[in-house]
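Structural description and commentary
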Amino acid sequence: MNKNKIVNDPVWGFIQLPSELAYDIVSHPYFQRLRRIVQMGLSFLVYPGAVHTRFNHSLGCMHLMKEALDTLQAKGVRISSEEKDAACAAILLHDIGHGPLSHVLEHTLLPSVSHETVSRLIMRRLNREWGGRLDMAMAIFNGTYDKPFLHQLVSGQLDVDRLDYLNRDSFYTGVQEGVVGTERIIKMMNVHEGQLVVEEKSIYSLEKFILSRRMMFWQVYLHKTSVCAELMLGHALDRARFLLMENREVAGSPALLQLLRRPSGREADETLLAPFSETDDSDIWMTLKVWTKSPDVVLRILSQSLLSRRLFKSELRNVPFEADYVDRKKAETLGKIEDAALLPYFFYEKGLSTKTYKYDTKEDDGIRVWRKDGQVVDLTTVSELLDRHFVMKADEKHLLCCL
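Summary of the structure given here. (Residues numbered from 1 in each chain as written. Predicted model: local features only at pLDDT ≥ 70, side-chain atom pairs only at ≥ 80, totals over all residues. Heavy atoms only, no water.)

A short note on the packing of helix H3 (residues 54–74) against helix H4 (residues 81–92)
At their nearest, the axes of H3 and H4 sit 8 Å apart, and the two run at 150 degrees to each other. In terms of orientation, H3 lies roughly antiparallel with respect to H4. The crossing of H3 and H4 is right-handed. Across the interface between the two elements, Ser58, Leu59, Cys61, Met62, Met65, Lys66, Leu69, Asp70 and Gln73 from H3 touch Lys84, Ala87, Cys88, Ile91 and Leu92 from H4. When its residues are assigned to classes, the contact of H3 with H4 shows nine nonpolar, two polar and three charged. (Axes fitted to C-alpha atoms, helices over the stretch in contact; angles between N-to-C directions. Helix = DSSP H or I, 4+ residues; strand = E, 2+ residues; numbered from the N terminus. Parallel < 35°, antiparallel > 145°, perpendicular 65-115°, else oblique. Left-handed = near helix turned anticlockwise from the far one by under 90°. Contact = heavy atoms within 4.5 Å. Nonpolar A, V, L, I, M, F, W, Y, C, P; charged D, E, K, R; others polar.)

Points about the environment of alanine 87
As for its placement among the helices and strands, alanine 87 is situated in helix H4. Taking the C-alpha atoms as reference points, alanine 87 and glutamate 199, 112 residues apart in sequence, are found 22 Å from one another. If sequence neighbours within four positions are ignored, alanine 87 has contacts with Met65, Leu69, Ile140 and Leu150.

Here we look at the sheet that holds strand S6 (residues 347–355)
Note: strands within a sheet are paired through backbone hydrogen bonds, in either parallel or antiparallel orientation. One open sheet accounts for three strands, arranged S5-S9-S6; its pairing is antiparallel. Strands with a single pairing partner mark the edges of an open sheet, and in this sheet they are strand S5 (313–317) and S6. Neighbour-to-neighbour, the strand axes of this sheet turn through a mean angle of 20 degrees, independent of strand direction. As defined by bridge partners, S6 adjoins strand S9 (residues 394–402) across nine bridges and the pair is classed as antiparallel. Its bridge partner lying in S9, serine 353 is registered against glutamate 396. (Pairing = 2+ DSSP bridges.)

What to know about the sheet that holds strand S7 (residues 368–370)
Within the open sheet, the four strands sit side by side as S3-S4-S7-S8. Their pairing is mixed. If you trace the sheet from one side to the other, it starts and ends with strand S3 (189–192) and strand S8 (376–378), each paired once. Here the average twist between neighbouring strands, direction ignored, is 45 degrees. Judged from the four bridges that link them, S3 and strand S4 (residues 195–199) form a sheet pairing that is antiparallel. Counted as the bridge partner of histidine 192 is glutamine 195 from S4.

A closer look at the nonpolar core
Among the nonpolar cores identified, the biggest contains 132 residues, and Leu134 and Met189 are the most heavily contacted of them. For this core, the leading source of residues is helix H12 (residues 224–245), giving eleven residues. Those residues in contact with methionine 189, other than ones at most four positions away along the chain, are Ala68, Thr71, Leu72, Lys75, Leu153, Leu158, Leu163, Leu196, Val197, Val198 and Glu199. (Core = buried A, V, L, I, M, F, W, Y, C linked by side-chain atoms within 4.5 Å. Buried < 20%, exposed > 50% of the residue type's maximum accessible area, 1.4 Å probe, protein only.)

Some remarks on the pattern of salt bridges
With the rule as written, the count across this model stands at 19 salt bridges. With its nearest N and O atoms 3.0 Å apart, the salt bridge here joins arginine 133 to aspartate 24. Within this pair, whereas arginine 133 is found in the loop between helix H6 (115–129) and helix H7 (135–142), its partner aspartate 24 is found in helix H1 (residues 20–27), the two being separated by 109 residues in sequence. According to the relative accessible area criterion, arginine 133 is partly exposed, its value standing at 37%. (Salt bridge = Lys/Arg side-chain N within 4 Å of Asp/Glu carboxyl O.)

By themselves, these observations are geometric and do not establish any function.
Here's what the structure looks like:
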């Protein structure tokens with residue numbers, strides 16, 4: 001069988017699968033499922049073009065990983081063909097554990113279980129099926145391989161994941177603020193003492209990268225309307241879980257209901273892979289259509305509102321809402337539903353927070369800039385534009401949504 005396949009990608013052009021391992025991953029049902037998982041959750045309710053999938057994104061990440069490794073090899077960094085294949089496999093699989101609508105339901109459908117945890121479970125399952133072919137890829141993904149820069153390309157402050165999703169999400173939403181100089185950043189990458197570094201002459205591209213990420217979060221990812229819709233969907237599933245725990249009848253997708261019946265405190269194990277791998281966005285929308293005729297008022301109203309895009313009213317402020325204003329809004333909402341016990345399903349107050357850049361933490365050491373004098377320093381120490389206290393502080397806003 002010919003496994004030398006080429007994919008035409010609207011963002012990066014022609015993408016070639018670099019190995020038989022990559023072909024086998026992409027061909028597997030676990031990966032094909034990503035065609036049915038949208039990248040940006042419910043953002044299409046605000047930006048109609050945002051219907052691209054995790055499948056698109058994962059292929060784009062693999063393409064950028066190959067470009068980055070080719071650049072590093074050209075600069076004399078020793079990378080074997082096996083390591084290249086493993087790094088490409090690791091980035092292909094980095095999002096395979098996403099549930100329906102990506103981040104929207106990450107801790108609702110499976111409380112306290114991250115998509116990275118599910119990704120590791122799937123990798124272990126595939127690795128057994130394939131006789132250990134993913135050993136090196138899993139080590140790179142987990143950060144235990146002896147070349148740290150490979151893991152940093154998969155997961156770090158300047159990884160190929162971010163380089164793809166910023167450009168891809170900008171392309172599909174039409175929001176130009178997210179476009180970054182990916183090609184230049186990759187061409188300026190290097191390795192110093194095993195760590196991923198970027199040459200100093202790329203400083204302006206790095207500044208644009210950081211600022212673009214900040215603007216995309218507030219303009220797109222944390223847009224008040226899409227966050228409100230996400231809260232509505234999450235509360236609909238919470239209501240269904242409550243009814244199931246009360247042994248009340250709830251109709252819907254069998255695989256989705258099986259996940260909702262799963263005890264919230266149960267640790268993630270491979271028993272969840274069967275229902276999880278059978279659940280995608282179509283299960284959510286099919287179930288919401290069923291719930292529009294549910295005898296339960298919460299499921300009925302939330303489902304009808306989401307499907308017809310009659311979303312709750314939402315307000316976003318830089319400071320917390322005044323207590324008397326919140327009380328007034330609660331009273332108005334209660335007057336519409338006439339049942340105080342149901343108020344949490346129709347009134348949400350949520351703090352939104354994002355941090356543009358992290359530095360000197362256990363999780364991440366920041367973006368390392370290789371200066372012309374040979375020193376390696378953090379990006380914020382050489383940038384005239386990026387004030388360290390500004391980019392590292394958490395941006396916080398306050399959201400209120402009500403019926």
